[in-house]
Amino acid sequence: MKYEFAETTMVREVYENELNELLELYLYLHEDTIPEVTEYLNSTWKTIIQDENHHIIVKIADHKIVSSCVCVIIPNLTRNIRPYAFIENVVTHADYRGKGFATECLNYAKEIAEKERCYKMMLLTGSKEDSTLRFYENAGYNCTDKTAFIQWID
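Notes on the structure follow. As the structure is a prediction and not an experimental result, all values here were calculated from the model.

**Re the pairing of strand β3 (residues 64-74)**
For a regular strand, side-chain orientation follows a simple rule: the groups alternate between the two sheet faces.
Step number 1: Counting buried residues along β3, eight of its 11 residues qualify, which places the element largely inside the surrounding structure.
Step number 2: Two elements, strand β2 (residues 54-61) and β3, share eight bridges in a ladder whose sense is antiparallel. Paired with H54 across the strands is V72, a residue of β3.
Step number 3: Here β2 folds back onto β3 in antiparallel fashion, the turn holding two residues, of which D62 has a positive phi close to 55°.

Next up, the structure:
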């Protein structure tokens, strides 16, 4: 059972009642505005929060969400039927960067992936900043094993 309160400082999975706070954090990712509360938003949130393979990990500091990442466990028929994890939406509030909070979120995601017997974790970044690329390398990711291709859909 998930308890509906924010601790002083910790990493955990997001609570259902924290959608608005999460959306505010996403303004530091690539969003320009917080989406309007609609039936579609609420339905999407419900789908995410009820999906046992979809994990939104948050870092709580100063009684608020200051960093987050998403870890999705994807069932798989290869590699001895072992799933893999996909990491997305890694973000830290600008006032809290450089404190290791995103690393804590990624480490929590790795714990989930290991528990689920994943054989690999993947992430993509749109950033070309050396500091961002070094951050992911320091977190244990590399950009040499695979080549990523993206096709954007309007």
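Next comes the rest of the account.
**Let's talk about the state of the cysteines**
Step number 1: All chains considered together, the criterion is met by zero disulfides.
Step number 2: Not engaged in a disulfide, the cysteine C69 finds its nearest cysteine sulfur in C105; these two sulfurs lie 5.2 Å apart.
Step number 3: On the basis of relative accessible area, C105 is assigned to the buried category, the value being 0%.

**Comments concerning the pattern of salt bridges**
Step number 1: For the structure shown, the criterion picks out two salt bridges.
Step number 2: The shortest N-O distance in the salt bridge between R12 and E18 comes to 2.8 Å. By the burial criterion, R12 is buried, and E18 matches it.

**What about the sheet that holds strand β5 (residues 121-123)?**
Paired through backbone hydrogen bonds, the strands of a sheet run either parallel or antiparallel to each other.
Step number 1: Read from one edge to the other, the open sheet built from five strands follows the order β1-β2-β3-β4-β5, with strand pairing classed as mixed. Across the chains shown, the open sheet's two edge strands, defined by having one partner strand only, are β1 (10-13) and β5. The sheet shows a mean angle of 25° between the axes of neighbouring strands, direction not considered.
Step number 2: Note that β1 and β2 share four bridges and pair antiparallel. Its bridge partner lying in β2, R12 is registered against V58.
Step number 3: Each of β1, β2, β3, β4 (84-92) and β5 touches helix α3 (residues 101-115); the most contacted strand, β3, lies at about 30° to it.

Rules and cut-offs
- Residues numbered from 1 in each chain as written.
- Predicted model: local features only at pLDDT ≥ 70, side-chain atom pairs only at ≥ 80, totals over all residues.
- Heavy atoms only, no water.
- Buried < 20%, exposed > 50% of the residue type's maximum accessible area, 1.4 Å probe, protein only.
- Helix = DSSP H or I, 4+ residues; strand = E, 2+ residues; numbered from the N terminus.
- Pairing = 2+ DSSP bridges.
- Disulfide = S-S within 2.5 Å.
- Salt bridge = Lys/Arg side-chain N within 4 Å of Asp/Glu carboxyl O.
- Axes fitted to C-alpha atoms, helices over the stretch in contact; angles between N-to-C directions.
- Contact = heavy atoms within 4.5 Å.

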